[in-house]
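# An overview of the molecular structure
So you can see what is in the structure, the chains are spelled out below.
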Amino acid sequence: MNQKITFGLVVLALLMELMWGVSFISTKYLLLAGLNASQIYIIRFGIAYCCMLAVSRKNFGITNWHDELLFLFCGLTGGSLYFITENAALNHTLVSNVGLIVTISPLLTALLSAVVMRKERISRALVIGSVTAFIGVAFVIYNSSFQIRISPLGDLLSLLAALSWAIYSVALLFVKTHRYSTIVVTRKVFFYGIVTSIPFAFMLHSDISASVFSDGWVLFNLVFLGLGASMSAFLIWNWLVKCIGAVKSSNFLYLGPIITLAASAIMLGERVTVIGYIGCVLILGGVILGEKLRF
């Protein structure tokens, strides 16, 4: 594993966060169009899986049960469980609560990695940088009429989503990267993510109206979520974890609120206040602080 962050990795990470940041807007459009969260998840990951299967069919079958169970675990934690708990939380608490709580995922990843992977030590610079970036996220959320409302169920689901992503990030480190390419790993994770999400879809027992797909923008957003925010972004994420580890990769997640803020201002005409700009500075400062300082 190469622990050095190069310019190329930074560019890829920014592209990944750009796609994930804009994906919130695409998902919101699809929800308003009549699709529910589980339907959007299955369709977008289905598109991504089919495309990756067309590109690479290596290791399509089961090579050994240990690896296959690990892929199943990654598909559950980084796929169905993460997205379903996050979307379910939105039904029980404020969006601002979910956005703030989910951003503790990098901190949870660092703590979990320190316990499971003895090699990844948590430095004081990383802790200070993470806390600074977390405060910056709170400022960015405050820019969009920040509210706090205690909702035990919704907040607990948000925490479970953050923990699920942290577990997924660390679990990726146990995948034998010399045996499987990043494309194969991502393809298998998507497959098991879809499989483990099917029971939840049946629990919601909701139908899809065919008329929804007559909307060109619905099709465009589904394709973007499938090929961009799912396939391309997950390929980049899995490659980042392979190259620089779960902890350093997770720090890039703090950049997501900045991109979402900028995308909302450009695409939706939402106003950016001084508080929002301060939050952006704190996030960038925290990420740089955690990476550059050594103490």
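Here's what I pulled together on the structure shown here.

Cut-offs used in this document
Residues numbered from 1 in each chain as written. Predicted model: local features only at pLDDT ≥ 70, side-chain atom pairs only at ≥ 80, totals over all residues. Heavy atoms only, no water. Helix = DSSP H or I, 4+ residues; strand = E, 2+ residues; numbered from the N terminus. Buried < 20%, exposed > 50% of the residue type's maximum accessible area, 1.4 Å probe, protein only. Contact = heavy atoms within 4.5 Å. Areas by Shrake-Rupley, 256 points an atom, 1.4 Å probe, with all protein chains shown as cover. Phe/Tyr/Trp six-rings, centres within 6.5 Å; stacked < 30°, edge-to-face > 60°. Expected span 1.5 Å × (residues − 1). Bend = angle between axes of the 7 residues up to and from the residue. Polar contact = N/O pair within 3.5 Å; in protein donor to acceptor, adjacent residues only side chain to side chain. Axes fitted to C-alpha atoms, helices over the stretch in contact; angles between N-to-C directions. Parallel < 35°, antiparallel > 145°, perpendicular 65-115°, else oblique. Left-handed = near helix turned anticlockwise from the far one by under 90°. Nonpolar A, V, L, I, M, F, W, Y, C, P; charged D, E, K, R; others polar. Core = buried A, V, L, I, M, F, W, Y, C linked by side-chain atoms within 4.5 Å.

Attention shifts here to the overall build of the protein. Counting its regular elements, the protein contains twelve helices and zero strands. Order of helices (α) and strands (β) in the protein, N terminus to C terminus: α-α-α-α-α-α-α-α-α-α-α-α. Within the protein, the fraction of its 295 residues that count as buried is 50%. Across the protein, every contact between residues at least 6 apart in sequence was considered, and the portion connecting residues at least 24 apart equals 90%. Accessible area for the protein stands at about 14300 Å²; split by element, carbon and sulfur atoms hold 72% of it.

Moving on, we get to the packing of aromatic side chains. With the rule as written, the count across this model stands at 19 aromatic pairs. Measuring from ring centre to ring centre gives 5.1 Å for tryptophan 165 and tyrosine 168, while their planes differ by 55 degrees; the resulting arrangement is tilted. Taken together, the residues span about one helical turn, with tryptophan 165 and tyrosine 168 both in helix 7 (residues 152-171) at a distance of three residues. On the basis of relative accessibility, which here comes to 5%, the residue tryptophan 165 falls in the buried class.

Here we take up helix 9 (residues 216-244). With 29 residues, helix 9 should cover 42 Å at 1.5 Å per step; its first-to-last C-alpha distance of 39 Å lies within 8% of that length. Along its length, helix 9 reaches its greatest deviation from straightness, about 35 degrees, at leucine 225. N-capping of helix 9 is provided by aspartate 215, with a side-chain oxygen placed 2.9 Å from the backbone N of tryptophan 217. Two residues or fewer past helix 9, glycine 245 is found with a positive phi of approximately 95 degrees.

At a closest axis distance of 10 Å, the pairing of helix 2 (residues 37-55) and helix 3 (residues 65-89) adopts a crossing angle of 150 degrees. As summarised for this structure, helix 2 and helix 3 are arranged roughly antiparallel, according to the angle between their axes. Of the two possible hands of crossing, helix 2 and helix 3 adopt the one that is right-handed. Each of Ala37, Tyr41, Arg44 and Phe45 in helix 2 lies in contact with helix 3, whose residues at this interface are Gly79, Ser80, Phe83 and Asn87. The residue inventory of the contact of helix 2 with helix 3, partitioned by class, reads four nonpolar, three polar and one charged.

Attention shifts here to helix 1 (residues 7-33). Its 27 residues give helix 1 an end-to-end C-alpha distance of 39 Å, which sits within 8% of 39 Å, the value for a rise of 1.5 Å per residue. Taking the largest bend as the criterion, helix 1 deviates by roughly 30 degrees, centred on serine 23. Positive backbone phi, at 125 degrees, marks glycine 34, one or two positions downstream of helix 1.

Membership of the largest hydrophobic core comes to 62 residues, with the highest contact counts inside it found for Trp20, Trp165, Tyr168, Phe234 and Trp237. Top element by residues in this core is helix 9. It accounts for 13 residues. Those residues in contact with tyrosine 168, other than ones at most four positions away along the chain, are Cys74, Thr77, Gly78, Val189, Phe234, Trp237 and Asn238.

Turning our eyes to something else, we now look at the side chain of threonine 196. Locating threonine 196 in the fold gives a position in helix 8 (residues 182-204). By relative accessible area, which is 15% here, threonine 196 ends up buried. A distance of 2.6 Å separates a polar atom in the side chain of threonine 196 from a polar atom in the side chain of serine 80. Of note is the side chain of threonine 196, whose polar atom sits 3.2 Å from the backbone oxygen of glycine 193. With residues near it in sequence (within four places) discarded, threonine 196 still touches Leu72, Gly75, Leu76 and Ser80.

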